[in-house]
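As a plain string of letters, each chain reads:
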Amino acid sequence: MLLSARSHRLRASLLITSCLAALPLAAHAQDTAPAPAPDDAIANEIVVVGSQIKNLKTAGELPVSVVSDDDISAIAPTSAADLLQALPANGTMNFNGTDTVSGGVHSARGDVASVNLRSIGSGNTLVLLNGRRLVQHPGTQTEDSVPVSTVNMNTLPVRGIKRMEVLHDGASAIYGSDAVAGVINTVLDDSFEGLRVGGELGFAENTDKMKYSADLQGGWTFNEGRTHLSLALSYYEATKVWASELDYAGASDRRGFVADTPFAGDLSFDNRSSSTPWGQFTAANAVPGLTSSGGVFHIQPGSMSGCSGALSDGLCIADGSLQRDLRYDINSSRTMSPGIKRGNAFAFITHDFGDFEFYSELSYYRARTDEYRGESSILSSARFNISRDAYWNPLGAAGNPNRVSGFDIPEEGVDLTLTNYRVVDAGLRHIRVDNDSFRLLGGFRGAWGNWDWDTAGLYSEATTKDVTFDRISNTLFSQALNRTDASGYNPFNGGNLANPNWGDASVNSPETIDSFLVDVSRYAKTTLALADFKVSNGSLLSLPGGDVGIALGVEWRRTSFSEDYDDRLDGTTNFIDAVTGEMINQSDIMGSSVAGDASGSRNVYSAFTELAVPLVSRDMDVPLVRALNLQLAGRFEHYSDVGSVFRPKFAASWYPFDQLQIRGSYAEGFRAPNLEQLNTDVTTRVSTVIDYYACQASVNKGDIASLGACAGNDRVEERRFGNTQLKPEKNASYSIGAVFTPAPRWTLTVDYWHIKQRNLVGIFGAENIAALDYVSRLQGNGGLSGVHRADPTADDIAFYQGSGLDPLGEMVQIDDIFTNLDTRTSAGIDFGLYYQPPETPIGSFDIKFNASYLDKAYQGLSPQAQQIQSVLGAEVPLEAVGDLIERDGRPKWQASGTLTWKKDGWAAGLFGRYVGSYYDTGVVQDETNAYWKVDDWFTMNAYLQHTFQEGALSGSRVRFGVRNLLDSKPPFLDATYGYDASLASAEGRFFYTSIQASF
């Protein structure tokens, strides 16, 4: 503790010293940067998102939130991910670069952040940069058991953003696919003049995490004011954090954190792994007195009870399965937050030709992350045969120096199967992910009379290279196990006697370990090519209520993806058994299932039209109708792979009097299946399911009270098959809201929204299929053909004795196919409060508050789900179906707000964020069947800054800030690191200082 406190004081001193030392650098400033214009009220802002009609006032007419530069200062984000999580309407950030353990190499790892408006899933929000699409991130991962893709929001800088516009409304009719929940458009500052440089340095109080950033923004005008160049460069670096630095994250066994709750002792909170250095084996022939009747035995410390045969070095053999006290504390061996290095570069060039203008965007993003994951362990579908002739086999042939004595072992020895083992002495897996993307855009815009026109071409490309160093080749490991001399690998030497739950004090030789270590890569690439032509006219014709606006446009875009897995992962190089010479598994990498290479592309042709129709204006003096405006839009898109679709939208804005606006909309939307869902033949994942048939045997024998109390989890390979017959997801949404401005400086908004999605792409899910297999057996149908089981062993037969059920082997594989599922209905209410008090003697203030209430989230039940529910009732919970409200990352309430103050160069700001409570359905109380409640969470950021207004430092700024001012810990739940990384942050109080100099 003393060293930690000294370290923090040292870092604080360094921050302050660095800041003060850097101030003289600003003395070289030549000119004072122009003061920013005061923010307009939100209802008067001209925004891009929501309409294709140029200069249409959509803020206020449509439910649009604008995150301004002042808001960004108060939020103090270090990435676009931080900025997104400040939006109450944004749900779980399932692509977050932190909680990627379950998917392993199949997850989108690295510096990646997704957006999830309305909590209806990643990929349902369209993301734009300066009004045009961004390329999808190359890495996909499963969400609700299907591969989904997303735009990587971290490709956007947090410096140089002019504003972020969030349309909380369906907009497929205007923008096309993906705009189901809304649209986020980031507008970068392409008209900056001068030169500005800055830097930031900070540290966390609860860990050793440090962050550094530097940025440069410049703008220059040439050719007598006709040519303008803007440039924005930024660099960010953050150090990694080990899970062991935090008590709740570093402990795999978290039962101590729930000791004073009704969940005391619940094994769901014991996440220690059954894969340990204490090897678990099955002998080809049972050895009386040494193994179980099925030949099962394991290695353990000789000091523990249950030893059946002594080994050297304080070890012994014990029959049966591994005791819980020997499970492995996996969180002690991995990072929870990777080290990150990120760079962004943006350039904008415009040139005025007189009658029209050329404009262009050039951007480049690169990020590297480094993290460490626990040691490799074997899959149930990729077990290892150990020959009776292997040097270290304790049941080996007579003459083997390691053969145990005192038991009736055949002279020729006994072959073994290594069924569960963690190769701890091979060390941690080092994961390095490089993400790159670039964007090139060039276009022309101008006017013909009252018609504005805009045309552009865009090409963008993103790549991900995911490399894991020091993985284990199954084939090479099998060979090392079966060597006949002392150079062979010894899995019988146990772990750490002093600490049986972590580490390995009995390591094999480095030469032996190096013989089976390999590096494994996954390379993925996505592209986006786009060309469009748009025209708009704000005064097509005049009506008594005003001028009718129109927009027309056509667009072509081509998207592609390719995914190239390492030869040892994609089935090219298989796991070949050293004993039999047969293929054991298509994947040759320990702990990873096979994943085939995949690629695909599509062309999309679209056309849209939009009308803005003012029916009544204030000049008409119609009672209770100060203004009435309509928006009508429709879009047709033809996909080269899934057909055509047309979607309309209608929106209306009615002012009964000047201070009150009533607004509403009806929109139909769509989302095409992503390319991986269509083009991947099969993907294989390891899933954890409950074998309810085995649970019923335990109930029948009186071992457990009910199926709901069953804690027997089986690890199975789940094969998910792509489907070229998938149809686009369709949806219908409506919203109705009000904007009330009781005084010029006050604005209050409320909007109710409702989205019904049809043909959702998904799979039934391994957990649900396992339950349906049990129902099938109950009804005498013999189980499902897609559930594959091993032959029953002698131990299985013994387990089922006295239960009245026929013995079955364990589940090893489950098949499922991507399909269009039933409907999902979501609904909620958004609230907004905006207030700019009059100027006071102590300065000016600005207050903004937003909140979102999730009222409904219901996934329709398929006929199979209804069958499970009708037979088993609530005793067996269904996965991702039924009422989802306040379940697994869907809190009812989220809110955020900012308070900023300015006076004579001084400024300060507060930002607060609230996330409501919800339930973790992965933990069920044995007696009440209640779920674990995840507490609500509130965090606050604060800053104080001074901008020099005179002298040599004029235009330069110094800031001191604190993120998570209250040092709020994330709510505890049964997750990888003890908290929900998709909604909360484990970063404690974080101090930072920054400087900015203008030239």
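Along every chain, residues carry numbers that run from 1 in the direction the sequence is written. Totals for whole chains, interfaces and linings use every residue, but because this is a predicted model, local features are given only for residues with pLDDT of at least 70 and side-chain atom pairs only at 80 or more, for both listing and counting. Hydrogens and waters are ignored; side-chain quantities use all the structure's heavy atoms.

Undergrad: Which parts of the structure should I look at to understand the overall build of the protein?
TA: For helices the rule is a DSSP run of H or I covering at least 4 residues; for strands it is a run of E covering at least 2, with both sets numbered from the N terminus onward. Helices and strands together make up the secondary structure of the protein, namely 12 helices and 48 strands. Seen along its three principal axes, the alpha-carbon backbone of the protein occupies a region of about 105 × 65 × 50 Å. Per-residue accessibility takes into account occlusion by the displayed protein chains alone, with areas from the Shrake-Rupley method and a 1.4 Å probe. Per element, the accessible surface of the protein, about 39,000 Å² overall, is 54% carbon and sulfur. Here Asp and Glu are counted as negative and Lys and Arg as positive; His is not counted, and neither are the chain ends. In plain terms, the charge of a residue is placed at NZ if it is Lys, CZ if Arg, CG if Asp and CD if Glu. On the protein, the mean spot of the 80 positive side-chain charges and the mean spot of the 118 negative ones are 4 Å from each other.

Undergrad: In this structure, what is going on with empty space enclosed by the protein? I would like to understand it.
TA: Sizing a probe to match a water molecule and rolling it over the atoms shows the empty space that remains. Put plainly, a pocket is an open set of points on a 1 Å grid over the protein atoms alone with protein on both sides within 12 Å along at least five of seven lines, a cavity is a set where a 1.4 Å probe fits but cannot get out, and a lining residue has an atom within 4 Å of a point. Grid points are joined across faces, edges and corners, and a volume is the space filled by probe spheres set on the points. Throughout the structure, instances matching the rule amount to 14 cavities of 30 Å³ or more. Residue lining of the largest cavity: 48 residues in total, with D82, Q85, K211, S985 and E987 positioned closest to the centre. Among the elements that take part in the lining of the largest cavity, strand β46 (residues 937-947) stands out by supplying 4 residues, more than any other. Here the residues of the lining of the largest cavity sort into 23 nonpolar, 17 polar and 8 charged. Taken as a whole, the second largest cavity spans an internal volume of roughly 600 Å³. Considering the residues around the second largest cavity, the lining is formed by 38 residues, among which Q136, S149, D178, R602 and N674 are closest to the centre. Within the residue set of the lining of the second largest cavity, elements represented by two or more residues are β2 (125-129), β5 (146-148), β23 (517-543), β24 (546-565), β27 (598-616) and α8 (675-679). A per-element tally of the lining of the second largest cavity places β24 first, with 4 residues. Along the lines of polarity and charge, the residues of the lining of the second largest cavity split into 17 nonpolar, 14 polar and 7 charged. Under the scheme applied here, ten amino acids are nonpolar (Ala, Val, Leu, Ile, Met, Phe, Trp, Tyr, Cys and Pro), four are charged (Asp, Glu, Lys and Arg), and all others, including Gly, are polar.

Undergrad: Just to check I follow, could you spell out the state of the cysteines for this structure?
TA: Think of a disulfide as a covalent bridge from one cysteine sulfur atom to another cysteine sulfur atom. Put simply, a disulfide is two cysteine sulfurs that come within 2.5 Å. Scanning the model with the defined rule gives 2 disulfides in all. Covalent S-S linkage joins C307 and C316, the inter-sulfur distance amounting to 2.0 Å. Handedness here is read from the sign of the S-S torsion; for C307 and C316, about -65°, the answer is left-handed. Three exposure classes are used, based on accessible area relative to the maximum for each residue type with a 1.4 Å probe and protein chains only: buried under 20%, partly exposed in between, and exposed over 50%. Its relative accessible area of 34% is what places C307 among the partly exposed residues.

Undergrad: Would you mind showing me how to read the side chain of Q696 here?
TA: Turning to its location among the elements, Q696 is positioned in helix α9 (residues 692-701). Should any heavy atoms of two residues lie within 4.5 Å, those residues are considered in contact. The residues touching Q696, leaving out its near neighbours within four places in the chain, are L707, Y774 and L805.

Undergrad: Would you explain the sheet that holds strand β20 (residues 416-420) in this entry?
TA: By definition, the strands of a sheet pair up through backbone hydrogen bonds, in either a parallel or an antiparallel sense. A pair of strands is considered paired only if DSSP assigns at least 2 bridges between the two. Strand order in the open sheet made by the 6 strands is β14-β15-β13-β12-β20-β19, with antiparallel pairing throughout. Of all the strands in the sheet, just β14 (307-310) and β19 (384-386) have a single pairing partner and so form its edges. When the angles between neighbouring strand axes are averaged without regard to direction, this sheet yields 35°. Between the N-to-C directions of two axes lies an angle of 0 to 180 degrees, each axis being a line fitted to C-alpha atoms and, for a helix, fitted only over the stretch in contact. Taken strand by strand, helix α6 (residues 474-481) contacts β19 and β20, and its axis lies near 15° from that of β19.

Undergrad: Teacher, can you tell me more about the nonpolar core here?
TA: With 44 residues, the main nonpolar core has V67, L83, L84, L117, M153 and I184 as its most contacted residues. Ranked by residues supplied to this core, first place goes to helix α3 (residues 80-85) with 4 residues. Apart from the residues lying within four places of it in its own chain, the contact partners of I184 are L84, L87, V115, L117, T125, L126, V127, L128, M153, M164, E165 and V166. Take the buried residues of types Ala, Val, Leu, Ile, Met, Phe, Trp, Tyr and Cys, join any two whose side-chain atoms come within 4.5 Å, and each joined set is a nonpolar core. Core analysis: the second largest hydrophobic core is formed by 38 residues, I317, F384, Y421 and A480 among them.

Undergrad: Quick question: what am I supposed to make of the packing of aromatic side chains here?
TA: Aromatic ring pairs are described here by two measures, namely the spacing of the ring centres and the angle between the planes. Aromatic rings from Phe, Tyr and Trp, taking only the six-membered ring of Trp, are treated as a pair when their centres fall within 6.5 Å; an angle between ring planes under 30 degrees marks them as stacked, one over 60 as edge-to-face, and anything in between as tilted. Tallied over the full model, the rule gives 31 aromatic pairs. Ring centres of Y248 and Y979 lie 6.5 Å apart, and the angle between their planes is 85°; on these two criteria the pair is classed as edge-to-face. Taken together, the residues Y248 in helix α5 (residues 247-250) and Y979 in the loop between β47 (957-963) and β48 (990-998) connect sequence positions 731 residues apart. Residue classification places Y248 among the buried positions, given a relative accessible area of 7%.

Undergrad: Which parts of the structure should I look at to understand a negative patch on the surface?
TA: Here a patch means residues that are over 30% exposed by relative accessible area and free of salt bridges, tied together within 9 Å if like-charged and within 5 Å if nonpolar (Val, Leu, Ile, Met, Phe, Trp, Tyr). Think of a salt bridge as a Lys or Arg side-chain nitrogen and an Asp or Glu carboxyl oxygen that are within 4 Å of each other. A grouping of D470, E511, D514 and D519 is seen on the molecular surface, where their side chains present a negatively charged patch. Relative to the helices and strands, D514 is located in helix α7 (residues 510-514).

Undergrad: Could you clarify how one ought to interpret the sheet that holds strand β6 (residues 161-167) in this entry?
TA: An order of β1-β6-β7-β2-β3 is seen for the 5 strands of this open sheet, with the pairing classed as mixed. Either end of the sheet is taken by a strand with one partner, and the two such strands are β1 (64-68) and β3 (132-133).

Undergrad: Would you take a moment to explain the packing of helix α10 (residues 766-778) against helix α12 (residues 863-872) for this structure?
TA: Any two packed helices are characterised by how steeply their axes cross, that is the angle between the axes, and by the distance between the axes. Contact geometry for α10 and α12: axes closest at 10 Å, N-to-C directions at 60°. In terms of orientation, α10 lies oblique with respect to α12. For α10 against α12, the interelement crossing comes out left-handed. Note on element contacts: α12 touches α10 through Q864, Q867, I868, V871 and L872, opposite N768, A771, L772, Y774, V775 and L778. Here the angle decides the label: under 35 degrees means roughly parallel, over 145 means roughly antiparallel, 65 to 115 means roughly perpendicular, and every other value means oblique. Handedness of each helix crossing follows the sense of rotation of the near helix against the far helix: counterclockwise by less than a right angle gives left-handed, clockwise gives right-handed.

Undergrad: I would appreciate a short explanation of the pairing of β6 in the present structure.
TA: For a regular strand, side chains alternate in direction, first toward one face of the sheet and then toward the other. Of all the 7 residues making up β6, 6 are buried; the element is thus mostly covered by neighbouring parts of the structure. Here β1 runs beside β6; their pairing, made up of 5 bridges, is antiparallel. By the bridge assignment for β6, V66 is matched with E165. Note that β6 and strand β7 (residues 182-188) share 6 bridges and pair antiparallel. Within the sheet, the bridge partner assigned to E165 lies in β7 and is N185.

Undergrad: Hey, could you run me through α10 in this one?
TA: Since the α-helix advances by 3.6 residues per turn, residues separated by three or four positions end up pointing in the same direction. Multiplying 1.5 Å by the residue count of a helix minus one yields the expected span of that helix. With 13 residues, α10 should reach 18 Å at 1.5 Å per residue; the first-to-last C-alpha distance of 18 Å fits that figure. Counting buried positions over the 13 residues of α10 gives 11, a clear majority of the element. Buried within α10 we find A766, E767, N768, I769, A770, A771, L772, D773, Y774, V775 and S776. Directly after α10, the chain includes G780, whose backbone phi takes a positive value near 80°.

Undergrad: Would you take a moment to explain unusual backbone geometry for this structure?
TA: Most peptide bonds take the trans form, and the phi angle of most residues other than glycine is negative. Phi angles above zero are rare outside glycine, and N130 is one such case at about 50°. Of note, N130 is situated in the loop between β2 and β3. Look at D313: it is not a glycine, yet its phi comes out positive at around 60°. By the secondary structure assignment, D313 is in the loop between β14 and β15 (315-319). Residue D313 is classed as exposed on the basis of its relative accessible area of 65%.

Undergrad: Would you mind showing me how to read the pattern of salt bridges here?
TA: Tallied over the entire structure, the rule returns 47 salt bridges. Note that R445 is salt-bridged to E357, the shortest N-O span being 2.7 Å. Residue R445 is located in strand β21 (residues 429-448), and its partner E357 is located in strand β18 (residues 356-373); the two are separated by 88 residues in the primary sequence. Salt-bridge contacts for D658 lead to R626; the nearest nitrogen and oxygen are separated by 3.1 Å. Taken together, the positions of D658 in the loop between β29 (643-657) and β30 (660-671) and R626 in the loop between β27 and β28 (627-639) put the pair 32 residues apart, joining distant regions of the chain. If you follow the salt bridges from partner to partner, you end up with D253, R255, D270, R272 and R324 in one network.

Undergrad: What exactly am I supposed to notice about the packing of α9 against α10 here?
TA: Interaxial distance between α9 and α10 falls to 8 Å at its minimum, and their mutual angle equals 55°. Here α10 runs oblique to α9, going by the angle between their axes. Between α9, through Y692, Y693 and Q696, and α10, the contact on the second element is made entirely by E767, A771, Y774 and R777. Residue composition of the contact of α9 with α10, by class: 4 nonpolar, 1 polar and 2 charged.

Geometric values such as these leave the question of function open.
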